[in-house]
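Chain by chain, the residues:
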Amino acid sequence: MSYDVMVVGGGIVGCAVADRLARLDLSVILLERDDDVASYATRANSGIVHAGYDCEPGTAKARFNVRGNAMMWNLAEELDVPCRKCGSLVVAPEEGLEGLEELKRKADSNGVVTEILDREGTLKKEPNVSDNVAYALYAPEAGVISPYQLAIALADRAVLNGAEVVTEAEVTAISRENNLWRAHTPKGTFDAKYVVNCAGPEAAAVNGFVGEEVYETEYRRGDYFVLDNTEGKNVSTVIFPLPTAAGKGILVAPTADGNVIYGPTSVPTYDGDTAVTAEALDEIRRSVPLTYARPAFNKCIRIYCGVRTVIGHDFIIRKSDRAENFVMACGICSPGLTSAPAIAEYIEELLVSCGMERRPKADAVTVMPRKLRLESLSEERLNTLVKENPAWGKIVCRCEKVTEAEIVEAIHSPVPATTVDAVKRRVRAGMGRCQGGFCATRVMEIISRETGMPLDEIRKGIGHSEIAVLAVKEADYD
Ligand SMILES: Cc1cc2nc3c(=O)[nH]c(=O)nc-3n(C[C@H](O)[C@H](O)[C@H](O)COP(=O)(O)OP(=O)(O)OC[C@H]3O[C@@H](n4cnc5c(N)ncnc54)[C@H](O)[C@@H]3O)c2cc1C
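Procedures and definitions
- Residues numbered from 1 in each chain as written.
- Predicted model: local features only at pLDDT ≥ 70, side-chain atom pairs only at ≥ 80, totals over all residues.
- Helix = DSSP H or I, 4+ residues; strand = E, 2+ residues; numbered from the N terminus.
- Rg over C-alpha atoms; globule rule 2.2 N^0.38 Å.
- Buried ≥ 20, exposed ≤ 12 C-beta atoms within 10 Å, placed from the backbone.
- Contact = placed C-beta atoms within 7 Å.
- Axes fitted to C-alpha atoms, helices over the stretch in contact; angles between N-to-C directions.
- Parallel < 35°, antiparallel > 145°, perpendicular 65-115°, else oblique.
- Left-handed = near helix turned anticlockwise from the far one by under 90°.
- Nonpolar A, V, L, I, M, F, W, Y, C, P; charged D, E, K, R; others polar.
- Core = buried A, V, L, I, M, F, W, Y, C linked by C-beta atoms within 7 Å.
- Domains from an automatic or database assignment.
- Pairing = 2+ DSSP bridges.

Peer 1: How would you explain the overall build of the chain if you had to name every residue and give the values?
Peer 2: When its secondary structure is counted, the chain shows 12 helices and 22 strands. Its C-alpha atoms give the chain a radius of gyration of 23 Å, near enough to 23 Å, the size a compact globule of 478 residues would have. Viewed in the frame of its principal axes, the chain has a C-alpha envelope of about 60 × 60 × 55 Å. Expressed as a percentage of the 478 residues in the chain, the buried residues total 50%. Here the analysis covers contacts within the chain between residues at least 6 apart in sequence; of these, 72% occur between residues at least 24 apart.

Peer 1: Please provide a residue-by-residue account of the packing of helix H1 (residues 12-22) against helix H5 (residues 147-160), values included.
Peer 2: Relative to each other, H1 and H5 sit at 30°, their axes nearing to 8 Å. Between H1 and H5, the angle is such that the two are roughly parallel. Taken as a pair, H1 and H5 cross one another with a handedness that is left-handed. Facing H1, whose interface residues are Ile12, Cys15, Ala16, Ala18, Asp19 and Ala22, H5 presents Pro147, Leu150, Ala151, Leu154, Ala155, Arg157 and Ala158. Residues of the contact of H1 with H5, tallied by class, amount to 11 nonpolar, no polar and two charged.

Peer 1: Describe the nonpolar core, and please don't skip the residues or the numbers.
Peer 2: Grouped together as the largest cluster of nonpolar side chains are 120 residues, with contacts concentrated most on Val5, Met6, Val8, Ala18, Val28, Ala155 and Ala158. If you tally residues by element for this core, the top one is H5, at nine residues. Structurally, this core is a two-domain feature, drawing no fewer than three residues from each of domain 1 (1-81 + 144-216 + 311-370) and domain 2 (88-140 + 218-307). Apart from residues lying up to four places away in sequence, alanine 155 is in contact with Gly10, Cys15, Ala18, Leu30, Val37, Val165 and Val415.

Peer 1: Could you give an account of the pairing of strand E15 (residues 251-254), with specific residues and numbers?
Peer 2: Here E15 shows two buried faces, one formed by Leu251 and Ala253 and the other by Val252 and Pro254. Sheet topology places E15 next to strand E16 (residues 260-263); four bridges connect them, and they run antiparallel. Following the sheet pairing, leucine 251 is matched in E16 by glycine 263. What sits between E15 and E16 in their antiparallel hairpin is a turn of five residues, with glycine 258 showing a positive phi close to 105°.

Written out as C-alpha coordinates, the structure reads:
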(Lines give C-alpha, C1' and ligand atoms only; values in the text may rest on other atoms or scores of the structure.)
Protein backbone atom coordinates (compact mmCIF):
# COMPACT_ATOMS: atom_id res chain seq x y z
CA MET A 1 0.00 0.00 0.00
CA SER A 2 1.12 3.53 -0.70
CA TYR A 3 0.38 6.54 1.53
CA ASP A 4 1.02 10.26 1.49
CA VAL A 5 2.64 10.30 4.93
CA MET A 6 4.17 7.58 7.11
CA VAL A 7 4.71 8.30 10.80
CA VAL A 8 7.26 6.02 12.49
CA GLY A 9 6.54 5.60 16.22
CA GLY A 10 3.30 5.88 18.18
CA GLY A 11 4.40 7.81 21.26
CA ILE A 12 2.79 11.14 22.09
CA VAL A 13 4.67 12.90 19.27
CA GLY A 14 3.82 10.36 16.56
CA CYS A 15 0.18 10.23 17.66
CA ALA A 16 -0.08 14.05 17.67
CA VAL A 17 1.46 14.20 14.18
CA ALA A 18 -0.84 11.47 12.80
CA ASP A 19 -3.85 13.21 14.34
CA ARG A 20 -3.01 16.58 12.77
CA LEU A 21 -2.26 15.16 9.34
CA ALA A 22 -5.36 12.91 9.31
CA ARG A 23 -7.47 16.06 9.48
CA LEU A 24 -6.03 17.07 6.11
CA ASP A 25 -6.90 15.51 2.80
CA LEU A 26 -4.03 13.01 3.04
CA SER A 27 -3.59 9.27 3.49
CA VAL A 28 -1.66 8.68 6.71
CA ILE A 29 -0.17 5.55 8.27
CA LEU A 30 1.40 5.25 11.71
CA LEU A 31 3.76 2.30 12.30
CA GLU A 32 4.35 1.33 15.92
CA ARG A 33 6.88 -1.24 17.15
CA ASP A 34 4.96 -2.43 20.22
CA ASP A 35 1.49 -3.91 20.83
CA ASP A 36 -0.10 -0.52 21.43
CA VAL A 37 0.54 3.19 21.01
CA ALA A 38 1.96 5.06 24.06
CA SER A 39 4.14 2.13 25.01
CA TYR A 40 7.51 3.74 25.83
CA ALA A 41 8.27 7.13 27.47
CA THR A 42 4.71 8.26 26.82
CA ARG A 43 3.44 5.46 29.05
CA ALA A 44 5.70 6.10 32.04
CA ASN A 45 6.32 9.74 32.90
CA SER A 46 5.06 12.36 35.38
CA GLY A 47 2.11 13.52 33.31
CA ILE A 48 2.87 17.17 34.05
CA VAL A 49 1.79 19.86 31.60
CA HIS A 50 4.76 22.09 32.33
CA ALA A 51 4.33 25.86 32.30
CA GLY A 52 7.75 26.34 30.63
CA TYR A 53 9.59 28.53 33.18
CA ASP A 54 12.69 26.34 33.45
CA CYS A 55 13.62 25.81 29.79
CA GLU A 56 16.63 27.80 28.59
CA PRO A 57 15.26 30.84 26.74
CA GLY A 58 15.71 30.60 22.97
CA THR A 59 15.72 26.79 22.85
CA ALA A 60 13.31 24.55 20.98
CA LYS A 61 12.28 23.16 24.36
CA ALA A 62 11.20 26.62 25.56
CA ARG A 63 9.35 27.41 22.34
CA PHE A 64 7.42 24.12 22.10
CA ASN A 65 6.76 23.83 25.84
CA VAL A 66 5.09 27.23 26.04
CA ARG A 67 3.07 26.78 22.85
CA GLY A 68 2.21 23.15 23.78
CA ASN A 69 0.90 24.22 27.17
CA ALA A 70 -1.30 26.84 25.52
CA MET A 71 -2.73 24.23 23.12
CA MET A 72 -3.13 21.41 25.64
CA TRP A 73 -6.25 22.34 27.58
CA ASN A 74 -8.49 22.77 24.57
CA LEU A 75 -7.05 19.62 23.00
CA ALA A 76 -7.81 17.60 26.13
CA GLU A 77 -11.36 18.95 26.13
CA GLU A 78 -11.86 18.00 22.45
CA LEU A 79 -10.48 14.51 23.11
CA ASP A 80 -12.23 13.96 26.47
CA VAL A 81 -8.93 13.21 28.26
CA PRO A 82 -8.61 13.62 32.06
CA CYS A 83 -6.55 16.68 33.00
CA ARG A 84 -6.40 19.38 35.65
CA LYS A 85 -4.83 22.84 35.46
CA CYS A 86 -3.79 22.73 39.11
CA GLY A 87 -0.70 24.98 38.87
CA SER A 88 2.79 24.09 40.10
CA LEU A 89 5.12 25.26 42.86
CA VAL A 90 8.91 25.13 42.91
CA VAL A 91 9.52 25.23 46.64
CA ALA A 92 12.74 26.32 48.36
CA PRO A 93 14.16 26.89 51.83
CA GLU A 94 15.27 30.38 52.96
CA GLU A 95 18.60 30.12 51.10
CA GLY A 96 16.84 29.07 47.86
CA LEU A 97 15.29 32.47 47.10
CA GLU A 98 18.06 33.39 44.65
CA GLY A 99 17.44 30.17 42.71
CA LEU A 100 13.75 30.99 42.46
CA GLU A 101 14.52 34.51 41.25
CA GLU A 102 16.79 33.04 38.58
CA LEU A 103 13.92 30.75 37.49
CA LYS A 104 11.54 33.70 37.43
CA ARG A 105 13.89 35.56 35.08
CA LYS A 106 13.80 32.55 32.72
CA ALA A 107 10.01 32.43 33.04
CA ASP A 108 9.79 36.12 32.09
CA SER A 109 12.04 35.56 29.05
CA ASN A 110 9.88 32.62 27.97
CA GLY A 111 6.67 34.64 28.43
CA VAL A 112 5.44 32.36 31.24
CA VAL A 113 3.32 33.81 34.06
CA THR A 114 4.86 33.08 37.49
CA GLU A 115 4.87 34.62 40.93
CA ILE A 116 7.23 34.24 43.90
CA LEU A 117 5.27 33.47 47.06
CA ASP A 118 6.39 33.66 50.68
CA ARG A 119 5.58 30.81 53.06
CA GLU A 120 2.12 32.14 53.85
CA GLY A 121 1.25 32.51 50.16
CA THR A 122 2.68 29.06 49.43
CA LEU A 123 0.55 27.44 52.16
CA LYS A 124 -2.58 28.97 50.59
CA LYS A 125 -1.79 27.07 47.37
CA GLU A 126 -0.52 23.90 49.04
CA PRO A 127 -1.11 23.45 52.78
CA ASN A 128 1.14 20.36 52.95
CA VAL A 129 4.55 21.74 51.95
CA SER A 130 7.28 20.77 54.42
CA ASP A 131 8.31 22.95 57.36
CA ASN A 132 11.58 24.14 55.80
CA VAL A 133 9.83 25.69 52.76
CA ALA A 134 10.20 29.48 52.93
CA TYR A 135 9.38 30.51 49.33
CA ALA A 136 7.92 29.10 46.14
CA LEU A 137 7.65 29.98 42.47
CA TYR A 138 4.02 29.54 41.52
CA ALA A 139 3.09 28.82 37.88
CA PRO A 140 -0.71 28.89 37.43
CA GLU A 141 -0.61 27.55 33.85
CA ALA A 142 0.89 24.18 34.82
CA GLY A 143 -1.23 21.11 35.38
CA VAL A 144 -1.54 17.36 35.02
CA ILE A 145 -2.90 15.12 32.28
CA SER A 146 -3.13 11.39 31.63
CA PRO A 147 -0.24 11.00 29.15
CA TYR A 148 -1.21 7.62 27.70
CA GLN A 149 -4.89 8.49 27.45
CA LEU A 150 -3.90 11.63 25.55
CA ALA A 151 -1.79 9.65 23.06
CA ILE A 152 -4.45 6.96 22.67
CA ALA A 153 -7.16 9.56 22.10
CA LEU A 154 -5.01 11.31 19.46
CA ALA A 155 -4.46 7.98 17.70
CA ASP A 156 -8.17 7.13 17.96
CA ARG A 157 -9.13 10.48 16.42
CA ALA A 158 -6.57 9.96 13.66
CA VAL A 159 -8.18 6.60 12.85
CA LEU A 160 -11.68 8.11 12.87
CA ASN A 161 -10.32 10.62 10.36
CA GLY A 162 -9.04 7.88 8.09
CA ALA A 163 -5.48 7.18 9.29
CA GLU A 164 -4.24 3.62 9.74
CA VAL A 165 -2.41 2.59 12.89
CA VAL A 166 -0.41 -0.63 12.59
CA THR A 167 1.03 -2.04 15.82
CA GLU A 168 3.81 -4.65 16.15
CA ALA A 169 5.25 -3.11 13.02
CA GLU A 170 8.80 -2.14 13.95
CA VAL A 171 10.49 -0.35 11.09
CA THR A 172 13.73 -2.27 10.60
CA ALA A 173 14.87 -0.63 7.37
CA ILE A 174 13.80 2.08 4.93
CA SER A 175 14.57 1.89 1.24
CA ARG A 176 13.87 4.17 -1.73
CA GLU A 177 11.57 2.69 -4.40
CA ASN A 178 10.09 4.63 -7.36
CA ASN A 179 10.50 8.02 -5.63
CA LEU A 180 8.76 6.76 -2.50
CA TRP A 181 10.10 5.70 0.92
CA ARG A 182 9.50 2.00 1.67
CA ALA A 183 9.42 0.92 5.34
CA HIS A 184 10.22 -2.71 6.05
CA THR A 185 8.41 -4.20 9.05
CA PRO A 186 7.40 -7.66 10.36
CA LYS A 187 3.92 -6.82 9.05
CA GLY A 188 5.15 -6.23 5.51
CA THR A 189 6.29 -3.17 3.59
CA PHE A 190 4.60 0.24 3.47
CA ASP A 191 5.33 3.00 0.95
CA ALA A 192 4.89 6.73 1.45
CA LYS A 193 5.90 10.01 -0.11
CA TYR A 194 6.81 11.64 3.24
CA VAL A 195 8.26 10.05 6.38
CA VAL A 196 8.08 11.57 9.87
CA ASN A 197 10.52 9.93 12.28
CA CYS A 198 9.00 9.97 15.80
CA ALA A 199 10.67 6.74 16.95
CA GLY A 200 11.69 8.04 20.40
CA PRO A 201 14.47 5.76 21.68
CA GLU A 202 15.22 4.51 18.17
CA ALA A 203 14.88 7.83 16.34
CA ALA A 204 18.63 8.08 15.73
CA ALA A 205 18.70 4.54 14.28
CA VAL A 206 15.72 5.33 12.02
CA ASN A 207 17.61 8.43 10.82
CA GLY A 208 20.44 6.07 9.88
CA PHE A 209 18.10 4.06 7.62
CA VAL A 210 17.90 7.05 5.23
CA GLY A 211 21.50 8.23 5.55
CA GLU A 212 20.72 10.98 8.09
CA GLU A 213 22.69 11.84 11.22
CA VAL A 214 22.74 8.96 13.74
CA TYR A 215 22.78 11.12 16.86
CA GLU A 216 24.57 9.83 19.93
CA THR A 217 21.73 9.02 22.30
CA GLU A 218 21.71 8.81 26.08
CA TYR A 219 18.98 7.23 28.19
CA ARG A 220 17.97 8.33 31.70
CA ARG A 221 15.63 6.32 33.86
CA GLY A 222 13.00 7.85 36.13
CA ASP A 223 11.51 5.77 38.95
CA TYR A 224 8.26 6.49 40.79
CA PHE A 225 5.94 5.52 43.63
CA VAL A 226 2.20 5.61 42.86
CA LEU A 227 -0.05 6.12 45.87
CA ASP A 228 -3.61 5.04 46.45
CA ASN A 229 -6.29 7.52 45.40
CA THR A 230 -7.18 8.19 49.05
CA GLU A 231 -4.00 10.35 49.07
CA GLY A 232 -5.31 12.53 46.22
CA LYS A 233 -7.06 14.93 48.60
CA ASN A 234 -3.74 15.82 50.30
CA VAL A 235 -1.95 17.19 47.23
CA SER A 236 -3.52 20.17 45.46
CA THR A 237 -0.73 21.21 43.14
CA VAL A 238 2.52 19.90 41.61
CA ILE A 239 5.39 20.38 44.08
CA PHE A 240 8.93 20.55 42.67
CA PRO A 241 12.23 21.18 44.45
CA LEU A 242 14.64 23.68 42.90
CA PRO A 243 15.92 22.16 39.62
CA THR A 244 19.53 21.01 39.32
CA ALA A 245 21.78 20.11 36.37
CA ALA A 246 20.28 16.58 36.53
CA GLY A 247 16.76 17.88 35.86
CA LYS A 248 13.59 19.08 37.49
CA GLY A 249 14.08 16.95 40.60
CA ILE A 250 11.81 14.64 42.55
CA LEU A 251 8.26 15.93 42.62
CA VAL A 252 5.07 15.22 44.48
CA ALA A 253 2.05 15.51 42.22
CA PRO A 254 -1.58 14.62 41.90
CA THR A 255 -2.38 12.56 38.81
CA ALA A 256 -5.21 13.44 36.47
CA ASP A 257 -7.02 10.30 37.64
CA GLY A 258 -6.86 11.09 41.36
CA ASN A 259 -3.74 9.23 42.58
CA VAL A 260 -0.50 10.82 43.77
CA ILE A 261 3.01 10.16 42.44
CA TYR A 262 6.45 10.66 44.02
CA GLY A 263 9.40 10.69 41.62
CA PRO A 264 11.18 10.59 39.20
CA THR A 265 14.86 9.83 39.68
CA SER A 266 17.28 10.67 36.89
CA VAL A 267 19.87 7.92 36.44
CA PRO A 268 21.91 7.13 33.30
CA THR A 269 20.87 3.80 31.83
CA TYR A 270 20.27 1.91 28.57
CA ASP A 271 17.30 1.76 26.20
CA GLY A 272 14.39 -0.22 27.65
CA ASP A 273 15.62 -0.45 31.26
CA THR A 274 12.31 -0.12 33.14
CA ALA A 275 13.07 -2.27 36.20
CA VAL A 276 12.73 -0.14 39.35
CA THR A 277 15.74 -0.33 41.68
CA ALA A 278 15.94 -0.27 45.49
CA GLU A 279 18.50 2.58 45.29
CA ALA A 280 16.07 4.68 43.28
CA LEU A 281 13.25 4.10 45.74
CA ASP A 282 15.58 5.06 48.62
CA GLU A 283 16.48 8.28 46.85
CA ILE A 284 12.79 9.15 46.50
CA ARG A 285 12.16 8.28 50.16
CA ARG A 286 14.94 10.71 51.16
CA SER A 287 13.86 13.52 48.80
CA VAL A 288 10.10 13.76 49.25
CA PRO A 289 10.15 14.95 52.92
CA LEU A 290 12.32 17.93 51.87
CA THR A 291 9.36 19.45 50.01
CA TYR A 292 6.25 17.68 51.27
CA ALA A 293 5.09 17.36 54.88
CA ARG A 294 2.86 14.27 54.60
CA PRO A 295 4.80 11.52 52.83
CA ALA A 296 2.67 8.37 52.84
CA PHE A 297 4.87 5.62 51.46
CA ASN A 298 2.64 3.09 53.19
CA LYS A 299 -0.10 4.02 50.70
CA CYS A 300 2.02 2.93 47.73
CA ILE A 301 0.06 0.72 45.30
CA ARG A 302 2.67 0.48 42.56
CA ILE A 303 6.17 1.46 41.51
CA TYR A 304 7.19 2.11 37.91
CA CYS A 305 10.03 3.41 35.79
CA GLY A 306 10.17 5.34 32.51
CA VAL A 307 13.15 6.04 30.27
CA ARG A 308 14.05 9.44 28.83
CA THR A 309 15.70 9.60 25.41
CA VAL A 310 18.26 12.42 25.49
CA ILE A 311 20.30 13.85 22.59
CA GLY A 312 22.44 16.83 23.60
CA HIS A 313 20.63 19.67 25.35
CA ASP A 314 17.67 20.35 23.07
CA PHE A 315 14.98 18.74 20.90
CA ILE A 316 16.03 18.14 17.28
CA ILE A 317 13.03 18.78 15.03
CA ARG A 318 13.88 19.46 11.42
CA LYS A 319 13.57 18.31 7.85
CA SER A 320 16.44 16.33 6.47
CA ASP A 321 18.95 18.01 4.18
CA ARG A 322 20.22 14.61 3.03
CA ALA A 323 17.02 12.60 2.51
CA GLU A 324 14.15 14.04 0.52
CA ASN A 325 10.76 14.40 2.25
CA PHE A 326 12.07 13.10 5.56
CA VAL A 327 11.32 14.95 8.81
CA MET A 328 12.62 14.02 12.25
CA ALA A 329 11.72 14.59 15.91
CA CYS A 330 14.75 13.28 17.83
CA GLY A 331 15.75 13.56 21.50
CA ILE A 332 12.26 14.40 22.69
CA CYS A 333 12.84 14.16 26.42
CA SER A 334 11.05 16.31 28.99
CA PRO A 335 9.00 18.48 28.37
CA GLY A 336 8.07 16.37 25.34
CA LEU A 337 4.60 15.44 26.55
CA THR A 338 3.65 19.10 27.01
CA SER A 339 5.33 20.08 23.76
CA ALA A 340 3.80 17.36 21.56
CA PRO A 341 0.82 19.35 20.17
CA ALA A 342 3.16 22.22 19.24
CA ILE A 343 5.78 19.86 17.78
CA ALA A 344 3.05 18.31 15.58
CA GLU A 345 1.96 21.78 14.46
CA TYR A 346 5.55 22.61 13.47
CA ILE A 347 6.07 19.26 11.72
CA GLU A 348 3.02 20.01 9.58
CA GLU A 349 4.73 23.27 8.54
CA LEU A 350 7.97 21.40 7.74
CA LEU A 351 6.06 18.94 5.54
CA VAL A 352 4.33 21.80 3.73
CA SER A 353 7.75 23.33 3.11
CA CYS A 354 8.75 19.97 1.56
CA GLY A 355 5.84 20.31 -0.88
CA MET A 356 3.05 18.47 0.99
CA GLU A 357 -0.37 19.81 0.00
CA ARG A 358 -2.45 21.14 2.88
CA ARG A 359 -6.18 20.86 2.21
CA PRO A 360 -8.37 20.48 5.31
CA LYS A 361 -10.77 17.53 5.22
CA ALA A 362 -14.29 18.91 5.05
CA ASP A 363 -15.86 16.43 7.46
CA ALA A 364 -12.98 15.83 9.88
CA VAL A 365 -13.88 14.74 13.43
CA THR A 366 -12.63 17.30 15.93
CA VAL A 367 -14.64 16.63 19.09
CA MET A 368 -14.46 12.99 20.14
CA PRO A 369 -17.64 11.25 21.33
CA ARG A 370 -17.83 11.49 25.15
CA LYS A 371 -17.09 8.16 26.84
CA LEU A 372 -19.60 6.95 29.39
CA ARG A 373 -18.05 6.12 32.78
CA LEU A 374 -19.93 4.30 35.52
CA GLU A 375 -18.75 6.74 38.16
CA SER A 376 -20.25 9.74 36.43
CA LEU A 377 -23.65 8.18 35.64
CA SER A 378 -26.82 9.01 37.58
CA GLU A 379 -28.72 6.02 38.96
CA GLU A 380 -31.53 6.66 36.50
CA ARG A 381 -29.18 6.76 33.49
CA LEU A 382 -27.38 3.63 34.68
CA ASN A 383 -30.68 1.75 35.02
CA THR A 384 -31.61 2.67 31.44
CA LEU A 385 -28.18 1.57 30.19
CA VAL A 386 -28.39 -1.76 32.04
CA LYS A 387 -31.79 -2.45 30.42
CA GLU A 388 -30.29 -1.77 26.98
CA ASN A 389 -27.03 -3.63 27.69
CA PRO A 390 -26.68 -5.84 30.81
CA ALA A 391 -22.85 -5.48 30.60
CA TRP A 392 -23.34 -2.05 32.23
CA GLY A 393 -24.53 -3.90 35.32
CA LYS A 394 -21.40 -6.06 35.65
CA ILE A 395 -18.53 -4.45 37.56
CA VAL A 396 -15.28 -6.11 36.53
CA CYS A 397 -12.70 -3.85 38.26
CA ARG A 398 -13.94 -3.26 41.80
CA CYS A 399 -11.24 -0.79 42.83
CA GLU A 400 -11.80 1.63 39.94
CA LYS A 401 -15.45 0.61 39.36
CA VAL A 402 -15.14 -0.34 35.71
CA THR A 403 -17.96 -2.25 34.03
CA GLU A 404 -17.81 -4.94 31.39
CA ALA A 405 -19.47 -2.53 28.94
CA GLU A 406 -16.55 -0.07 29.24
CA ILE A 407 -14.02 -2.87 28.73
CA VAL A 408 -15.83 -4.16 25.63
CA GLU A 409 -15.86 -0.61 24.24
CA ALA A 410 -12.09 -0.31 24.82
CA ILE A 411 -11.44 -3.60 23.03
CA HIS A 412 -13.37 -2.34 20.01
CA SER A 413 -12.04 1.23 20.08
CA PRO A 414 -10.52 2.77 16.89
CA VAL A 415 -7.05 1.60 18.03
CA PRO A 416 -8.21 -1.69 19.56
CA ALA A 417 -7.01 -2.83 23.00
CA THR A 418 -5.90 -6.44 22.69
CA THR A 419 -3.77 -6.85 25.84
CA VAL A 420 -4.60 -6.52 29.53
CA ASP A 421 -2.39 -3.41 29.84
CA ALA A 422 -3.96 -1.81 26.77
CA VAL A 423 -7.39 -2.21 28.37
CA LYS A 424 -6.00 -0.85 31.64
CA ARG A 425 -4.62 2.28 30.00
CA ARG A 426 -7.96 2.99 28.32
CA VAL A 427 -10.45 2.38 31.14
CA ARG A 428 -8.32 1.96 34.32
CA ALA A 429 -9.34 -1.66 34.98
CA GLY A 430 -6.46 -2.90 37.16
CA MET A 431 -5.14 0.59 38.08
CA GLY A 432 -6.55 0.54 41.61
CA ARG A 433 -5.49 -0.75 44.99
CA CYS A 434 -5.44 -4.44 44.03
CA GLN A 435 -3.56 -3.77 40.76
CA GLY A 436 -5.59 -6.27 38.77
CA GLY A 437 -5.51 -9.03 41.39
CA PHE A 438 -9.27 -9.47 41.06
CA CYS A 439 -10.01 -8.35 37.53
CA ALA A 440 -7.05 -9.34 35.30
CA THR A 441 -8.39 -12.83 34.57
CA ARG A 442 -11.88 -11.44 33.89
CA VAL A 443 -10.36 -8.90 31.50
CA MET A 444 -8.50 -11.76 29.76
CA GLU A 445 -11.74 -13.70 29.35
CA ILE A 446 -13.51 -10.67 27.89
CA ILE A 447 -10.63 -9.99 25.44
CA SER A 448 -10.70 -13.66 24.42
CA ARG A 449 -14.46 -13.67 23.94
CA GLU A 450 -14.51 -10.37 22.00
CA THR A 451 -11.54 -11.06 19.72
CA GLY A 452 -11.64 -14.84 19.37
CA MET A 453 -8.04 -15.05 20.62
CA PRO A 454 -7.41 -18.21 22.73
CA LEU A 455 -7.02 -17.43 26.43
CA ASP A 456 -3.41 -18.65 26.56
CA GLU A 457 -2.47 -16.17 23.82
CA ILE A 458 -3.74 -13.12 25.73
CA ARG A 459 -0.77 -11.05 26.80
CA LYS A 460 -0.24 -8.65 29.66
CA GLY A 461 1.42 -6.13 27.35
CA ILE A 462 4.62 -5.86 25.35
CA GLY A 463 6.42 -8.90 23.91
CA HIS A 464 6.00 -12.44 25.19
CA SER A 465 3.95 -11.60 28.25
CA GLU A 466 1.29 -14.30 27.98
CA ILE A 467 -0.36 -14.73 31.38
CA ALA A 468 -1.99 -18.16 31.12
CA VAL A 469 0.84 -20.51 30.28
CA LEU A 470 -0.89 -23.83 30.87
CA ALA A 471 -4.47 -25.14 30.96
CA VAL A 472 -4.09 -27.00 34.28
CA LYS A 473 -7.30 -29.04 34.11
CA GLU A 474 -6.42 -30.62 30.79
CA ALA A 475 -2.68 -30.93 31.36
CA ASP A 476 -0.90 -34.26 31.34
CA TYR A 477 1.57 -34.24 34.24
CA ASP A 478 3.43 -37.50 33.51
C1 LIG B 1 10.59 9.66 33.73
C2 LIG B 1 10.03 10.64 32.75
C3 LIG B 1 9.28 11.73 33.18
C4 LIG B 1 8.78 12.64 32.27
N5 LIG B 1 7.91 13.61 32.69
C6 LIG B 1 7.37 14.46 31.79
C7 LIG B 1 6.40 15.42 32.20
O8 LIG B 1 5.96 15.43 33.33
N9 LIG B 1 5.96 16.31 31.28
C10 LIG B 1 6.42 16.32 30.01
O11 LIG B 1 6.01 17.20 29.25
N12 LIG B 1 7.29 15.38 29.57
C13 LIG B 1 7.75 14.45 30.44
N14 LIG B 1 8.60 13.48 30.03
C15 LIG B 1 9.00 13.43 28.62
C16 LIG B 1 7.96 12.74 27.77
O17 LIG B 1 7.45 11.59 28.39
C18 LIG B 1 8.60 12.37 26.44
O19 LIG B 1 9.22 13.52 25.94
C20 LIG B 1 7.60 11.89 25.43
O21 LIG B 1 6.81 10.87 25.93
C22 LIG B 1 8.37 11.43 24.18
O23 LIG B 1 7.43 11.06 23.24
P24 LIG B 1 7.89 10.43 21.87
O25 LIG B 1 6.66 10.20 21.09
O26 LIG B 1 8.97 11.25 21.27
O27 LIG B 1 8.63 9.09 22.26
P28 LIG B 1 8.11 7.65 22.92
O29 LIG B 1 7.02 7.91 23.86
O30 LIG B 1 9.35 7.06 23.37
O31 LIG B 1 7.51 6.97 21.65
C32 LIG B 1 8.30 6.47 20.60
C33 LIG B 1 7.55 5.31 20.02
O34 LIG B 1 8.25 4.84 18.89
C35 LIG B 1 8.19 3.43 18.86
N36 LIG B 1 9.31 2.96 18.07
C37 LIG B 1 10.61 2.94 18.38
N38 LIG B 1 11.34 2.45 17.37
C39 LIG B 1 10.48 2.15 16.38
C40 LIG B 1 10.63 1.59 15.09
N41 LIG B 1 11.84 1.27 14.61
N42 LIG B 1 9.52 1.38 14.34
C43 LIG B 1 8.29 1.71 14.83
N44 LIG B 1 8.10 2.24 16.06
C45 LIG B 1 9.18 2.47 16.82
C46 LIG B 1 8.28 3.04 20.34
O47 LIG B 1 7.76 1.74 20.57
C48 LIG B 1 7.44 4.14 20.98
O49 LIG B 1 6.08 3.76 21.12
C50 LIG B 1 9.08 12.51 30.91
C51 LIG B 1 9.82 11.40 30.47
C52 LIG B 1 10.24 10.46 31.38
C53 LIG B 1 10.91 9.22 30.88
